[in-house]
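Overview (structure and organization)
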Amino acid sequence: MARYTGPVCRLCRTEQKKLCLKGDRCKSDKCPINKKRGAPGKDPKARTGKKSEYGVQLREKQKMKRIYGMLEKQFHLTFEHAQRMPGVTGDNLICLLESRLDNVVFRMHFASSRTQARQLVLHGHILVNGKSVNIPSYEVRPGDVVEVKENSKKLTVILDALKEVSKSGVMPWINLDVDAQKGVYTAKPRRVEVIDLADIKEQLVVELYSK
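Residues numbered from 1 in each chain as written. Predicted model: local features only at pLDDT ≥ 70, side-chain atom pairs only at ≥ 80, totals over all residues. Heavy atoms only, no water.

1. Points about the overall build of the chain
Scanning the chain for helices and strands turns up 9 helices and 5 strands. Taken from N to C terminus, the helices and strands of the chain fall in the order α-α-α-α-α-α-β-β-β-α-α-β-β-α. Counting across all 211 residues of the chain, residues that qualify as buried make up 45%. Taking all contacts inside the chain whose residues are at least 6 apart in sequence as the whole, residues at least 24 apart take part in 57%. (Helix = DSSP H or I, 4+ residues; strand = E, 2+ residues; numbered from the N terminus. Buried < 20%, exposed > 50% of the residue type's maximum accessible area, 1.4 Å probe, protein only. Contact = heavy atoms within 4.5 Å.)

The following block contains the structure:
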């Protein structure tokens, strides 16, 4: 499976935004955004001028793609799926991205980042409706039960990640039982409920792909 293997903090510096790709490190003083480090490259100042309309749309698409840890082909296929669905394409796109199994595992705080959640899924630590699913892009549907496999419940990475529940809670479309390490994906999220993506302008992505 193709995936980005380079330094992920470089991606945050490129976008000049915290993409939360490294879990706890992103919340610490070690985060390069906290240190106000500039964009990577030999001459980042040369790229600080006014961006074209295409450039603005491209940056927004790159941000979304990187937040969810996807490569171009997979992200584009997700967009095409959203386009075929009834309703607003931008809202549909966010809904499909949030319905990915790796993202749901992250939202249930079984992992401290989407990258870590993807690893848990790939290594067979996650069950959906009682069956092992090792496909990160698997679409979770309303009513599906997502839980940690019984012999994986003592993994340090999962126990550490679950501590975040008491600090930030869970999303309104998720019903979580922390002690049982089990959650229910109760409904498809509405765009206004995805508050940590409030500054993302998905309409720019729709305009970019619609050209």
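2. With respect to helix 9 (residues 202-209)
Helix 9 sits mainly inside the fold: 6 of its 8 residues count as buried. When we look at burial in helix 9, the residues that qualify are Glu202, Leu204, Val205, Val206, Leu208 and Tyr209. For helix 9, the elements touching its buried residues are helix 2 (53-67), helix 3 (72-84) and helix 4 (89-98).

3. Quick look at the packing of helix 3 against helix 9
Running from N to C, helix 3 and helix 9 point in directions that differ by 95°, and their axes come no closer than 11 Å. In terms of orientation, helix 3 and helix 9 fall into the roughly perpendicular class. Taken together, the residues of helix 9 that come into contact with helix 3 (itself represented by Glu72, Phe75, His76 and Phe79) are Val205, Val206 and Tyr209. Grouping the constituent residues of the contact of helix 3 with helix 9 by class yields 5 nonpolar, 1 polar and 1 charged. (Axes fitted to C-alpha atoms, helices over the stretch in contact; angles between N-to-C directions. Parallel < 35°, antiparallel > 145°, perpendicular 65-115°, else oblique. Nonpolar A, V, L, I, M, F, W, Y, C, P; charged D, E, K, R; others polar.)

4. Side note on helix 2
Between its first and last C-alpha atoms helix 2 spans 22 Å; for 15 residues at 1.5 Å apiece the expected length is 21 Å, and the two agree. Gly55, Gln57, Glu60, Lys61, Gln62, Lys63, Met64, Lys65, Arg66 and Ile67 are the residues of helix 2 that are buried. Gly69 sits one or two positions beyond helix 2 and adopts a positive phi of about 65°. (Expected span 1.5 Å × (residues − 1).)

5. Quick word on the packing of helix 4 against helix 9
The contact between helix 4 and helix 9 brings their axes to 8 Å, and the two run at 105°. It follows that helix 4 is roughly perpendicular to helix 9 by the angle criterion. Counting all contacts with helix 4, which are made through Thr89, Gly90, Asp91, Leu93 and Ile94, the residues of helix 9 involved are Glu202, Val205 and Val206. Partitioning the contact of helix 4 with helix 9 into residue classes produces 4 nonpolar, 2 polar and 2 charged.

6. Notes on the packing of aromatic side chains
Throughout the structure, instances matching the rule amount to 2 aromatic pairs. Residues Phe75 and Tyr209 carry aromatic rings whose centres are separated by 6.3 Å and whose planes lie at 40° to one another, so their mutual orientation is tilted. In this pair, Phe75 is assigned in helix 3 and Tyr209 in helix 9, connecting sequence segments 134 residues apart. Ring-pair connections join several aromatic residues into one group, and the members of that group are Phe75, Phe79 and Tyr209. Over the aromatic face of Tyr68 sits the side chain of Arg114, whose NZ or CZ is 4.7 Å from the ring centroid. (Phe/Tyr/Trp six-rings, centres within 6.5 Å; stacked < 30°, edge-to-face > 60°. Lys NZ or Arg CZ within 6 Å of the ring centre and 35° of its normal.)

7. Re the sheet that holds strand 1 (residues 126-128)
Within the open sheet, the 5 strands sit side by side as 2-1-3-5-4. Their pairing is antiparallel. Of all strands in the sheet, those bounded by a partner on one side alone are strand 2 (131-132) and strand 4 (174-177). (Pairing = 2+ DSSP bridges.)

8. Focus: the nonpolar core
Nonpolar side chains in soluble globular proteins tend to end up buried together. Leu101, Val105, Phe110, Ile126 and Val146 are the most contacted members of the largest nonpolar core, which totals 41 residues. Three or more residues apiece are contributed to this core by two domains, here domain 1 (8-38 + 52-97 + 196-210) and domain 2 (103-191). (Core = buried A, V, L, I, M, F, W, Y, C linked by side-chain atoms within 4.5 Å. Domains from an automatic or database assignment.)

9. Side note on the pairing of strand 5 (residues 182-185)
Burial of strand 5 is one-sided: the residues Gly183 and Tyr185 facing one way are buried, the residues Lys182 and Val184 facing the other way are not. Judged from the 3 bridges that link them, strand 3 (residues 145-148) and strand 5 form a sheet pairing that is antiparallel. Looking at the pairing, Val145 lines up with Val184 of strand 5. Alignment of strand 4 against strand 5, held across 4 bridges, turns out to be antiparallel. Note on strand 5: the bridge partner recorded for Leu176 is Gly183.

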